[in-house]
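The lines below spell out each chain.
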Amino acid sequence: FNGMLQRHPGEQGICIDHFAALVVEGDRYEVFHIDEPGSVKEDGSFSSSGEGRPGVWVKNFSSEGVQLGPALDKGSLSELLKRPSEVKEDPRLEVGRRENPQPSAEAEK
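Residues numbered from 1 in each chain as written. Predicted model: local features only at pLDDT ≥ 70, side-chain atom pairs only at ≥ 80, totals over all residues. Heavy atoms only, no water.

Visitor: Describe in detail the pattern of salt bridges, supporting the description with residues and values.
Guide: One pass over the structure, following the stated rule, counts four salt bridges. Lys41 serves as the salt-bridge partner of Glu51, at 3.9 Å between the closest nitrogen and oxygen. You can see Glu51 sitting in the loop between strand S3 (28-33) and strand S4 (56-62) and its partner Lys41 sitting in the loop between S3 and S4, a full 10 residues away along the chain. In this structure Glu51 comes out as exposed when scored by relative accessible area, which is 55%. Here Arg53 makes a salt bridge to Asp73, at a shortest N to O gap of 3.0 Å. Placement of the pair is Arg53 in the loop between S3 and S4 and Asp73 in the loop between strand S5 (65-70) and strand S6 (74-76), with a sequence separation of 20 residues. The exposure class assigned to Arg53 is partly exposed, which follows from its relative accessible area of 28%. (Salt bridge = Lys/Arg side-chain N within 4 Å of Asp/Glu carboxyl O. Helix = DSSP H or I, 4+ residues; strand = E, 2+ residues; numbered from the N terminus. Buried < 20%, exposed > 50% of the residue type's maximum accessible area, 1.4 Å probe, protein only.)

Written out as structure tokens, the structure reads:
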């Protein structure tokens, strides 16, 4: 996932732990989780060994590399999901398109 963000630095990543969910209603969201181990420690830092509760993380790429921060437990969806500052086409896109052809609008008529 970090490698993908490095190839697409203008985009943002949302990471959702097992046992967590992003519940969306209109422009509001809330992080729901069950009582199982997760990656959000009490102080809001990341635990790769399940020392915290399940949660949601936001990843962005900067000149310092991939930055990781916890999402707020609830808030505005439009503040959580940022529009990309730039979009780079993946060099494998054409191969994917050839291998997964879509019917054209003309063929559907």
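Additional details are given in the paragraphs that follow.
Visitor: Any details on the packing of aromatic side chains? Residues and values, ideally.
Guide: Given two aromatic rings, their pairing is described by the distance between the two centres and the angle made by the two planes. As enumerated under the stated definition, the model contains one aromatic pair in all. Ring centres of Phe46 and Trp57 lie 5.3 Å apart, and the angle between their planes is 80°; on these two criteria the pair is classed as edge-to-face. Taken together, the residues span a long stretch of sequence, with Phe46 in the loop between S3 and S4 and Trp57 in strand S4 at a distance of 11 residues. On the accessibility criterion, Phe46 (44% relative accessible area) is partly exposed. Residue classification places Trp57 among the buried positions, given a relative accessible area of 3%. (Phe/Tyr/Trp six-rings, centres within 6.5 Å; stacked < 30°, edge-to-face > 60°.)

Visitor: Residues and numbers for the environment of Gly10, please.
Guide: Following the sequence through the fold, Gly10 ends up in the loop between helix H1 (2-7) and strand S1 (12-16). Exposure remark for Gly10: the relative accessible area of 10% places this residue in the buried category. Counting along the chain gives 28 residues from Gly10 to Gly38, while the straight-line C-alpha distance between them is 28 Å. Not counting chain neighbours up to four residues away, the residues in contact with Gly10 comprise Pro84, Ser85 and Glu86. (Contact = heavy atoms within 4.5 Å.)

Shape descriptors only; they carry no functional weight alone.
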